[in-house]
Amino acid sequence: MAADIPDMEAERTRRRLRAAIAFLGVLAAVLVATTAWLVIQRAVPGRGAQAPVVSIGGPFELTTHEGARLSDRDLAGAPYAVFFGFTHCPEVCPTTLWEMSQALGELGEEGSRLRVLFVTVDPERDTPSALATYLQSFDPRIVGLTGSEAEIAAMATAYRAYWRRVPTEGGDYTMDHTASVYLMDSQGRFVGTIAYEEEARTRLAKLVLLLS
Ligand code: NI
């Protein structure tokens with residue numbers, strides 16, 4: 001019987017060793033999986049430590065005030081500014097379009113590289129021709145965009161813009177909407193905004209920076 005004791009001892013040691021090897025195997029697998037996950041997080045654009053928490057912008061395809069189709073792919077290589085509004089807007093939209101026209105004028109020839117997009121949130125009234133008529137009062141480089149409710153909703157949602165139809169007296173309606181101008185770089189990445197009625201020199205400085 002005494003001879004069995006070392007054997008049992010050896011069996012217990014072997015079992016412990018097997019358990020230890022199994023544990024190390026699981027540990028190694030977890031380490032490999034964690035490393036792979038971290039590598040993927042860094043490799044995927046728009047993710048990882050340096051990416052913004054909220055992504056703004058994305059693919060879109062709408063109809064211009066001249067009746068042509070325009071998508072984000074057509075804008076590749078040039079910075080652009082996006083503003084959501086509607087032609088029946090009493091104040092915010094005409095003010096912003098006037099201010100953007102002023103800025104484009106000050107930027108001169110350099111401003112021609114900047115695409116300024118006025119996206120309607122009121123496609124029911126803002127047809128391409130309605131937009132064309134309305135935009136005659138502003139810098140001719142500003143592009144009006146309209147489309148189906150779904151196309152506009154998709155773009156506004158991608159830009160995390162707010163818009164809402166508000167009934168008014170007599171069965172008419174107006175639109176509430178985000179008043180910021182979104183600034184996108186030449187690769188379609190969101191870089192910041194111009195606030196409503198921001199100081200002219202700040203607005204211009206932001207556009208100069210966007211074009212640099
Ligand atoms: Ni407006």
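Above: the structure in question.
Counting starts from 1 at the beginning of each chain's written sequence and moves along it residue by residue. Residue-level local features of this predicted model are given only where pLDDT is at least 70; pairs of side-chain atoms are given and counted only at 80 or more, and the full residue set underlies all totals for whole chains, interfaces and linings. Only hydrogens and water are removed before side-chain values are computed, so all heavy atoms of the structure are retained for them.

Comments concerning a nonpolar patch on the surface
- Nonpolar side chains (Val, Leu, Ile, Met, Phe, Trp, Tyr) are joined into patches within 5 Å and like charges within 9 Å, using only residues with over 30% relative accessible area and no salt bridge. Only the protein chains shown count as cover for residues, and the accessible areas themselves come from Shrake-Rupley with a 1.4 Å probe. Only one rule defines a salt bridge in this text: a Lys or Arg side-chain nitrogen within 4 Å of an Asp or Glu carboxyl oxygen. Side chains of Phe23, Leu24, Leu27 and Leu31 sit close together on the surface and give an oily, nonpolar patch of about 430 Å² of accessible area.
- Assignment of secondary structure puts Phe23 in helix H1 (residues 4–43).
- Residue classification places Phe23 among the exposed positions, given a relative accessible area of 55%. Every helix listed is a DSSP run of H or I at least four residues long, and every strand listed is a run of E at least two residues long, numbered separately from the N terminus. Classification of residues uses two cut-offs on accessible area relative to the type maximum, computed with a 1.4 Å probe and protein chains only: under 20% is buried, over 50% is exposed, and between them is partly exposed.

Considerations on the pattern of salt bridges
- Tallied over the entire structure, the rule returns 13 salt bridges.
- A salt bridge links Arg73 to Glu61; the shortest N-O distance between them is 3.8 Å. With Arg73 in the loop between strand E2 (69–71) and strand E3 (80–85) and Glu61 in strand E1 (residues 61–64), this pair connects stretches of sequence that are twelve residues apart.
- On the basis of relative accessibility, which here comes to 58%, the residue Arg73 falls in the exposed class.
- Glu61 gets classed as partly exposed once you look at its relative accessible area, which sits at 36%.
- When salt bridges that share partners are traced, they join Glu61, Arg69, Arg73 and Glu151 into one network.

A closer look at the environment of Leu135
- Relative to the helices and strands, Leu135 is located in helix H3 (residues 128–135).
- Since its relative accessible area comes to 6%, Leu135 is described here as buried.
- Residues Leu135 and Leu97, spaced 38 residues apart in sequence, show a C-alpha to C-alpha distance of 8.6 Å.
- In contact with Leu135, other than residues within four places in its own chain, are His65, Leu97, Phe118, Ile142, Val143 and Gly144. The contact definition used throughout considers only heavy atoms, calling two residues in contact when any of these lie within 4.5 Å.

Some points on the pairing of strand E8 (residues 181–184)
- Neither face of E8 is open: one carries Val181 and Leu183, the other Tyr182 and Met184, and all of them are buried.
- The rule for pairing is simple: two strands pair if DSSP sees at least two bridges between them. Looking at chain direction, E3 and E8 are connected through four bridges and run antiparallel. Bridge pairing links Val82 to Tyr182 in E8.
- Bridge count for E8 against strand E9 (residues 190–194) is four bridges, and the pairing is antiparallel. The residue of E9 that forms the bridge with Leu183 is Gly192.

Quick word on the side chain of Thr64
- Tracing the chain through its elements places Thr64 in strand E1.
- Since its relative accessible area comes to 7%, Thr64 is described here as buried.
- Excluding residues that lie within four positions of it along the chain, Thr64 makes contacts with Leu70, Pro128, Val143, Gly144 and Leu145.

Observations regarding helix H5 (residues 200–211)
- Take the residue count of a helix, subtract one, and multiply by 1.5 Å to get its expected span. End to end, H5 covers 17 Å across twelve residues, agreeing with the expected 16 Å (1.5 Å per residue, within 8%).
- Against E3, helix H2 (92–107), E8 and E9 lie the buried residues of H5.

A look at the nonpolar core
- Phe60, Val82, Phe84, Leu117, Phe118 and Tyr159 are the most contacted members of the largest nonpolar core, which totals 47 residues.
- A per-element tally of this core places H2 first, with six residues.
- Not counting chain neighbours up to four residues away, the residues in contact with Val82 comprise Leu117, Val119, Met155, Tyr159, Ser180, Val181, Tyr182 and Met184. Think of a nonpolar core as a cluster: buried Ala, Val, Leu, Ile, Met, Phe, Trp, Tyr and Cys residues, connected wherever their side-chain atoms sit within 4.5 Å.

As for the pairing of strand E7 (residues 173–177)
- Going residue by residue along E7, you find Tyr173, Met175 and His177 tucked away on one face and Thr174 and Asp176 left uncovered on the opposite face.
- Two elements, strand E6 (residues 163–167) and E7, share five bridges in a ladder whose sense is antiparallel. In the strand pairing of E7, Trp163 is matched with His177.
- Counting the residues that bridge the hairpin from E6 to E7 gives five residues, and of these Gly170 lies at a positive phi of roughly 80 degrees.

A closer look at the environment of Pro94
- Positionally, Pro94 belongs in helix H2.
- Once residues lying within four places of it in the same chain are set aside, the contact partners of Pro94 are Cys89, Tyr134 and Phe138.

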